[in-house]
Amino acid sequence: MTLEAIRYSPGSLQILDQLQLPEHCHYEALSSVQQASEAIRAMKVRGAPAIALVGCLSLAMELRAGAGGPGLAALVAFVRDQLRLLVAARPTAVNMARAARDLGQVAAQEAEREGATEETVRERVIRFAEDMLEKDLKDNRSIGDLGARHLLEQTNPRGGKVTVLTHCNTGALATAGYGTALGVIRSLHEMGRLEHTFCTETRPYNQGARLTAFELVYEQIPATLITDSMAAAAMAHQGVSAVVVGADRVVANGDTANKIGTYQLAIVAKHHGVPFYVAAPSSSCDLHLETGKEIVIEERPSQELTDLNGVRIAAQGIRVWNPAFDVTPHELITGGIITELGVFAPEELRGALSASVFSEGQTLDSPWV
Ligand SMILES: CSC[C@H]1O[C@H](OP(=O)(O)O)[C@H](O)[C@@H]1O
């Protein structure tokens, strides 16, 4: 069994407080959108898919408790207002914005249905949010298996094992379970084809050292922790077969926003001829944006860089730049973009996804919320 970032049953939502990992496994109960928004902003829960799941399930909790209304129009307006609050919590990952658009559509469409009541609107939205959990887990298993098979074909035709380098945390702690890039590593391990994993510590939040290392040790997957600055040397001397990272937003031309440090990994991988993969569900793809230049990059508080476990490690008075993400140009994504629908070259993405990413009646430029 993998670790659970989210524990949900009708009427109960808990998140594993990832600020306390790996020392303490503390689950925090959430019962409102405001609480979820604050937990997401504080990065108690993080990871593009997990952010969307916790946000939507917190709205389900409120609706199950009878929030919103009275009247259908007021209820739909309430749903949309709550979703906007969640989308505003962290701007770079697209998953929450996509889920907000979809949930808003579900509420509005049900409210317009002949015979609709407040109860049926609440039920439709709750069910959509709950179904997201199972879909994410199913998508991640597809991403893991499709990515593992593609990576093996591209890097190791002789049937041996491969060594993969990954960045940040893209595992069970960033999703409903199994993970995206870490899902590929899990699938390689299950196939008996994983020689070793290198995980970068991923300063300044240390998702790699605190979360990915925790998941890999927990499941006894062979892995070595390295600093972000060791990645080039690892690719030069440690037999790295491929780099696989996650994504917060993949745009139409394949440019990808992901955790800060991803861009330089892609440059180093290119230099060493190491295939560079992005693993992400289609819900992390945003065909509304043409290139990565349009992606809003979140900047986090300077204390997250200057302090470590509440102790200041940087000189007082120094200025800080702390972007949480960077953008990797599509031409550096040489292995491909691994989704639950298949593995695509960046130039194939738009055609492959545009027919399937948008729900009925959505167009390429449908507004998010
Ligand atoms: C499958 S998680 C995708 C993505 O989210 C992480 O960012 P954060 O920890 O700030 O939420 C990281 O960029 C992962 O690659």
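The structure presented is a predicted model; accordingly, all values stated were derived computationally and were not measured.

J.: Give a description of the pairing of strand β9 (residues 256-259) that names residues and reports values.
T.: Here two bridges tie strand β8 (residues 249-251) to β9, and the two strands are oriented antiparallel to one another. Bridging from a neighbouring strand, Arg249 pairs with Ala257 of β9. Between β8 and β9, which pair antiparallel and follow one another directly, the connecting turn spans four residues, one of which, Gly254, has a positive phi of 95°. Both β9 and strand β14 (residues 325-328) contribute to a ladder of four bridges, which runs antiparallel. The partner of Asn258 across the bridge, within β14, is Asp326.

J.: Give me the lowdown on the site of the ligand, citing residues and values where you can.
T.: What surrounds the ligand is a group of 18 residues, the closest being Gly47, Arg90, Asp248, Asn258 and Lys259. A distance of 2.8 Å separates an oxygen atom of the ligand from a polar backbone atom of Gly47. Here an oxygen atom of the ligand sits 2.9 Å away from a polar atom, N or O, in the side chain of Gln207. For the ligand, the protein covers 99% of the area, taking 400 Å² as the surface of the free molecule. Spatially, the ligand is embedded in the largest cavity. At the level of secondary structure, the elements contributing two or more residues to the shell around the ligand comprise α2 (48-64) and β9. Here the shell around the ligand is built from residues that sort into seven nonpolar, seven polar and four charged.

J.: Break down the packing of aromatic side chains for me, citing the residues and quoting the values.
T.: Taken as a whole and assessed by the stated rule, the structure comprises one aromatic pair. When the ring of Phe214 is compared with that of Tyr218, the centres are 6.5 Å apart and the planes differ by 50°; the resulting orientation is tilted. Separated by four residues within a single helix, Phe214 and Tyr218 lie in helix α7 (residues 207-218), roughly one turn from each other. The class for Phe214 is buried, based on a relative accessible area of 18%. The partly exposed category is assigned to Tyr218, whose relative accessible area is 43%. The aromatic ring of Tyr27 is capped on one face by Arg7, whose charged end is 3.8 Å from the ring centroid. The residue whose ring lies beneath Lys259 is Phe325, and the NZ or CZ to ring-centre distance is 4.1 Å.

J.: Break down the side chain of Arg193 for me, with residues and values.
T.: By secondary structure assignment, the location of Arg193 is in the loop between α6 (181-190) and β5 (194-200). One polar contact links the side chain of Arg193 to the main-chain carbonyl oxygen of Gly160, over a distance of 2.6 Å. Sequence-distant contacts of Arg193, defined by excluding residues within four places in its chain, comprise Leu152, Asn156, Gly159, Gly160, Lys161, Val162 and Leu188.

J.: Summarise the layout of surface pockets; cite the residues concerned and give the values.
T.: Here the idea is plain: a probe the size of a water molecule rolls over the atoms and shows the empty space left. When its volume is computed, the second largest pocket comes out at roughly 460 Å³. The wall of the second largest pocket is formed by 18 residues, among which Leu19, Tyr205, Arg210, Leu308 and Asn309 lie closest to the centre. Within the residue set of the lining of the second largest pocket, elements represented by two or more residues are α7, α10 (303-306) and β12 (307-308). Partitioning the lining of the second largest pocket into residue classes produces eight nonpolar, four polar and six charged.

J.: Give a detailed account of the pairing of strand β15 (residues 336-339), specifying residues and quantitative values.
T.: Burial of the side chains of β15 extends over both faces: Gly336 and Ile338 are buried on one face and Ile337 and Thr339 on the other. Here three bridges tie strand β10 (residues 276-279) to β15, and the two strands are oriented parallel to one another. Along β15, the bridge assignment pairs Val278 with Ile337. Taken together, the three bridges between β15 and strand β16 (residues 342-344) define a ladder with antiparallel strand orientation. Bridge pairing in β16 links Ile337 to Phe344.

Reading guide: rules and limits
- Residues numbered from 1 in each chain as written.
- Predicted model: local features only at pLDDT ≥ 70, side-chain atom pairs only at ≥ 80, totals over all residues.
- Heavy atoms only, no water.
- Pairing = 2+ DSSP bridges.
- Helix = DSSP H or I, 4+ residues; strand = E, 2+ residues; numbered from the N terminus.
- Near = heavy atom within 4 Å.
- Polar contact = N/O pair within 3.5 Å; in protein donor to acceptor, adjacent residues only side chain to side chain.
- Areas by Shrake-Rupley, 256 points an atom, 1.4 Å probe, with all protein chains shown as cover.
- 1 Å grid on protein atoms, 1.4 Å probe; cavity = no way out; pocket = protein on both sides within 12 Å on 5 of 7 lines; lining within 4 Å.
- Sits in = over half its atoms within 2 Å of the grid points.
- Nonpolar A, V, L, I, M, F, W, Y, C, P; charged D, E, K, R; others polar.
- Phe/Tyr/Trp six-rings, centres within 6.5 Å; stacked < 30°, edge-to-face > 60°.
- Buried < 20%, exposed > 50% of the residue type's maximum accessible area, 1.4 Å probe, protein only.
- Lys NZ or Arg CZ within 6 Å of the ring centre and 35° of its normal.
- Contact = heavy atoms within 4.5 Å.
- Points joined across faces, edges and corners; volume = space filled by probe spheres on them.

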